[in-house]
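Descriptive analysis of the structure
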Amino acid sequence: MINNIPQTETKSCCASGESCGQCMKGGFPLKKEILSFITLFLVGAVTVLSVLLINEKRENALIFNTEEIDDKQDVAMVYDMPALKTISDVVKLPDPKLKGTMSVEEAIQSRRSRRLYSDKPVTLAELSQVLWSAQGITNEKGYRAAPSAKSAYPYSLYVVIRNAQGIENGLYLYDPTTNTLGNLGLANAEALLIEAGVQDNSQKAPVVIVMTAAMAKMQAVFPGADPHKNIYLEGGHIGQNVYLEVESLGMATVVSGGFNPIAVAKALRIDPVTEEVVYLIPFGHIGEEAQTAE
Ligand SMILES: Cc1cc2nc3c(=O)[nH]c(=O)nc-3n(C[C@H](O)[C@H](O)[C@H](O)COP(=O)(O)O)c2cc1C
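Residues in contact with the ligand amount to 14 residues; listed here are only the nearest, Arg111, Arg112, Ser113, Arg115 and Gln199. Residue serine 113 places a side-chain N or O atom 2.5 Å away from an oxygen atom belonging to the ligand. In this structure, a nitrogen atom belonging to the ligand sits 2.8 Å away from a side-chain N or O atom of glutamine 199. For the ligand, whose accessible area on its own is 610 Å², the fraction buried by protein is 64%.

Next up on the list: a nonpolar patch on the surface. Residues Ile34, Phe37, Ile38, Phe41 and Leu42 make up a contiguous nonpolar surface patch of about 530 Å² in total accessible area. Along the polypeptide, phenylalanine 41 turns up in helix 2 (residues 32-61).

In this section: the pairing of strand 7 (residues 276-285). If a strand is regular, its side chains alternate between the two faces of the sheet. Counting buried positions along strand 7 yields eight of 10 residues, so the element is predominantly enclosed. With seven bridges connecting them, strand 5 (residues 207-213) and strand 7 associate as antiparallel partners. Across the sheet, the residue bridging to isoleucine 209 is isoleucine 281, located in strand 7. Bridge count between strand 6 (residues 251-253) and strand 7: three bridges; the pairing is antiparallel.

Before going further, it helps to spend a moment on the sheet that holds strand 7. Taken in spatial order, the seven strands of this open sheet run 1-4-3-2-5-7-6, and their pairing is antiparallel. Unpaired on one side and paired on the other, strand 1 (90-92) and strand 6 mark the two borders of the sheet. Averaged over all pairs of adjacent strands, the angle between strand axes in this sheet comes to 25°, irrespective of strand direction. The pairing of strand 2 (residues 155-161) with strand 3 (residues 170-175) spans four bridges and is antiparallel. From the neighbouring strand, valine 159 faces strand 3, where its bridge partner is tyrosine 172. On the sheet, helix 4 (residues 124-135) packs against strand 1, strand 2, strand 3, strand 4 (180-183), strand 5, strand 6 and strand 7 and is oriented at approximately 160° with respect to strand 2.

This part is about helix 8 (residues 228-248). Between its first and last C-alpha, helix 8 extends 31 Å over 21 residues, near the 30 Å set by a 1.5 Å rise per residue. Those residues of helix 8 lying buried are Ile231, Glu234, Gly235, Ile238, Gly239, Val242, Tyr243, Leu244, Glu245, Val246, Glu247 and Ser248. Phi turns positive, to about 75°, at glycine 250, one or two residues after helix 8.

We now examine the nonpolar core. In terms of nonpolar packing, the biggest core is built from 34 residues, with Leu127, Leu131, Ile167, Leu181 and Phe283 touching the most fellow members. For this core, the elements supplying multiple residues, two or more each, are helix 4, strand 2, strand 3, strand 5, helix 7 (215-221), helix 8 and strand 7. Ranked by residue count, the leading element in this core is helix 4, at six residues. In this structure, isoleucine 167 is in contact with Val91, Leu124, Leu127, Ile161, Tyr172 and Leu181, ignoring residues within four places of it in sequence.

Model confidence for the protein is summarised by a mean pLDDT of 83, while 77% of its residues fall at 70 or above. Residue range residues 1-11 is modelled with pLDDT below 50. Its contacts to residues more than four positions away, or to other chains, number one contact. Here residues 57-81 scores under 50 on pLDDT; set against residues more than four positions off or in separate chains, the count is 38 contacts.

Its place among the elements puts threonine 180 in strand 4. We classify threonine 180 as buried; its relative accessible area is 9%. Here the side chain of threonine 180 touches threonine 178 through a polar contact of 2.6 Å, side chain to side chain. Beyond its immediate sequence surroundings of up to four residues, threonine 180 is in contact with Val90, Val91, Lys92, Leu93, Leu173, Tyr174 and Asp175.

Calculation criteria
- Residues numbered from 1 in each chain as written.
- Predicted model: local features only at pLDDT ≥ 70, side-chain atom pairs only at ≥ 80, totals over all residues.
- Heavy atoms only, no water.
- Near = heavy atom within 4 Å.
- Polar contact = N/O pair within 3.5 Å; in protein donor to acceptor, adjacent residues only side chain to side chain.
- Areas by Shrake-Rupley, 256 points an atom, 1.4 Å probe, with all protein chains shown as cover.
- Patch = residues over 30% accessible without salt bridge, like charges linked within 9 Å, V, L, I, M, F, W, Y side chains within 5 Å.
- Salt bridge = Lys/Arg side-chain N within 4 Å of Asp/Glu carboxyl O.
- Helix = DSSP H or I, 4+ residues; strand = E, 2+ residues; numbered from the N terminus.
- Buried < 20%, exposed > 50% of the residue type's maximum accessible area, 1.4 Å probe, protein only.
- Pairing = 2+ DSSP bridges.
- Axes fitted to C-alpha atoms, helices over the stretch in contact; angles between N-to-C directions.
- Contact = heavy atoms within 4.5 Å.
- Expected span 1.5 Å × (residues − 1).
- Core = buried A, V, L, I, M, F, W, Y, C linked by side-chain atoms within 4.5 Å.
- pLDDT = per-residue confidence, 0-100.

Here you go:
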């Protein structure tokens, strides 16, 4: 008689304790399709959120009052000088000397970061020598003192003068092709740098080189690649050249990466979207206290 009683069909999973979607045995029933959908949804949501976050961070980093740089031009992919500015007058620098009084080995041996500077003004010859070591043209093809990936030469050297002979205080742009400094007409550049919160060494140095890099120049020679690595590597080469030249002149310098690049760009009317301030390099004659430790 037992055979006549209608029985509910028991699935093997229920018997074995697996989840089958019809009973609660073995935990909450989740079909493969549902699991895949949830996983895909989560991955998608995390990706979208990350992109949004990165974009927001980038935009925040570039917030800049563009009203103050109404003289900026459109940026071409390849250009020789940064897109900027009217140059009011040009100061011709003396030709750099190719022989000094110290060997490269001696300069490497004695080089130190020196952060205190005397009141002795920097001469035009010293200015020329240091700028040449950084970006001077060293052959007829236009190659420069420091190496550059695919000869992109993305760096520009702005120069803040606060105590030099034969040149008025202000902000200048070095043109390596003519060995000149173009006056950008910002007589209070030194005060503006201080307002931007730069370190003491850059506040007090007779001269501060402000190294900016145009990412577009590096992108033009390596399309589609991230330009940052090459840009920063090249900045290090330039900085080291300056260190060794300054050492061989018996003067003082320190490379400085500790500053707010947006604040410095804004202070000096540089467009931080097209040019990134990478290094500040103050230099001058050695101050009385030799402060080398950091
Ligand atoms: C990428 C980089 C960034 C630096 N930034 C600063 C800086 O912001 N301020 C500073 O006083 N020194 C700075 N320095 C200099 C170092 O403090 C210095 O090289 C270090 O103390 C070693 O001393 P030396 O250069 O005399 O050998 C920087 C050096 C490098 C390579």
